[in-house]
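Working through the structure, step by step
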Amino acid sequence: MNKAAHILITISILLSAGCSSKFELNSLKLRHPKGGLLGFDVSQYQGVIQWDKLKSSETKRTLQFIMIRSTAGDNLRDRMFTSNWRESKKQKLVRGAYHYYRPDENSIKQASNYIKNVKLEKGDLPPILDIEAKSKVQSMSSLKVGIQRYLDKVEAHYGVKPIIYSSQNYYLTFLKTHFSKYPLWIANYNQAKYPIIKGWKFWQYTDHGKLKGINGDVDLNIFQGSIADLKKLCIQQKIKEP
């Protein structure tokens, strides 16, 4: 996710002290949630991933899915998206592609940027929208209209309802009333057993995870359900390109 936004989120909350894949997790001084399926998310900020080291590392728990930043705003394509998208498929991870929404840029152009760059397939997760910043030039009501236009355009193209990613505070304050019908990926780094929001699908529980093969910190996530539940959430049929 956006690193500047993560710094703000980290200051405002307490950090934890704590498809199938062969990827594995290092032992960490973090309290990892029990149950569900483990996954991670990456962007160009993680640099070049050493996929062979990830595959061969020793661990107690297997990684099942990955979320990959594809685009941001109305014209940016993540410079590592092509390789991350290709290599994650080789490793048989359930994969999803997320768009970082810039609140002061045109929503339709942002949706077009995602659609142009992301070719989802049967077995991939639905399109993902990362919304975590407030606008500097428009009201929150106007911002919500733009978000809805983005979601509608993307859903019309892929034929499946997008997943929304946001921090717990941002979602509860600004989004819950208007966007509760969308599958939710929530960021909450508190030491609570689970996020207080009901009905979440994915929980990003730390931005200080460590994986062999990735330099520096990486976000770790839990999917609330079984592998069968995860596959049921995925796209079920071939997407017809216009």
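Here the residue numbering is sequential within each chain, running from 1 through the sequence in written order. Residue-level local features of this predicted model are given only where pLDDT is at least 70; pairs of side-chain atoms are given and counted only at 80 or more, and the full residue set underlies all totals for whole chains, interfaces and linings. Excluding hydrogens and water, the side-chain values take into account all heavy atoms of the structure.

1. Some remarks on the pattern of salt bridges
Operational definition: When a carboxyl oxygen of Asp or Glu is within 4 Å of a side-chain nitrogen of Lys or Arg, the pair counts as a salt bridge. Each helix corresponds to a stretch of at least 4 residues labelled H or I by DSSP, and each strand to a stretch of at least 2 residues labelled E; elements are numbered beginning at the N terminus. Think of it in three bands: with a 1.4 Å probe and only protein chains considered, a residue is buried below 20% of the maximum accessible area for its type, exposed above 50%, and partly exposed in between.
According to the stated counting rule, one finds 9 salt bridges in the structure shown. Of the charged contacts in the structure, one is a salt bridge between aspartate 124 and arginine 95, with a shortest N-O distance of 2.8 Å. Residue aspartate 124 is found in the loop between α4 (107-117) and β5 (128-130), and its partner arginine 95 is found in strand β4 (residues 94-100); the two are separated by 29 residues along the sequence. The burial state of aspartate 124 is the same as that of arginine 95; both residues are buried. Its salt-bridge partner being glutamate 155, residue lysine 161 comes within 3.5 Å of it at the nearest N-O pair. One salt-bridge network, held together by shared partners, links Lys89, Arg95, Glu121 and Asp124.

2. Overview of the nonpolar core
Just so we agree on the cut-off: In these notes, a set of buried Ala, Val, Leu, Ile, Met, Phe, Trp, Tyr and Cys residues joined through side-chain atoms within 4.5 Å is what counts as a nonpolar core.
Counting residues in hydrophobic clusters, the biggest one holds 48 residues, and the most contacted among them are Phe40, Ile147 and Tyr158. Ranked by residues supplied to this core, first place goes to helix α5 (residues 140-158) with 7 residues. Listed in part, the 18 residues of the second largest apolar core include Met67, Tyr98, Phe223 and Leu233.

3. Quick word on helix α3 (residues 81-90)
By the burial criterion, the buried members of α3 are Phe81, Asn84, Trp85, Glu87 and Ser88. Phi turns positive one or two residues past the end of α3, at lysine 92, with a value near 60°.

4. Overview of the pairing of strand β2 (residues 63-72)
Stated formally: Strands were regarded as paired on the criterion that DSSP finds at least two bridges between them.
Within β2, 10 of the 10 residues are buried, leaving the element largely enclosed by the surrounding structure. Relative to β2, strand β1 (residues 37-42) is paired through 5 bridges, and the arrangement is parallel. By the bridge assignment for β2, phenylalanine 40 is matched with isoleucine 66. Relative to β4, β2 runs parallel, the two sharing 7 bridges. By the bridge assignment for β4, threonine 71 is matched with histidine 99.

5. As for the confidence of the model for the chain
Quick reminder of the rule: Scored from 0 to 100, pLDDT reflects the predictor's confidence in each residue. Contacts are assigned to residue pairs that have any heavy atoms within 4.5 Å of one another.
Put simply, the chain has an average pLDDT of 87, and 86% of its residues get 70 or more. Counting interchain partners and residues more than four positions distant, the pLDDT-below-50 stretch residues 6-22 has 51 contacts.

6. Let's talk about the environment of isoleucine 197
Summarising the element assignment, isoleucine 197 is placed in the loop between β7 (184-187) and β8 (202-209). Overall, the relative accessible area of 7% leaves isoleucine 197 in the buried class. Each C-alpha atom of the pair isoleucine 197 and isoleucine 186 lies 8.5 Å from the other, and the pair is 11 residues apart in sequence. Dropping the residues within four chain positions of it, isoleucine 197 is found in contact with Gln168, Tyr171, Leu172, Leu184 and Ile186.

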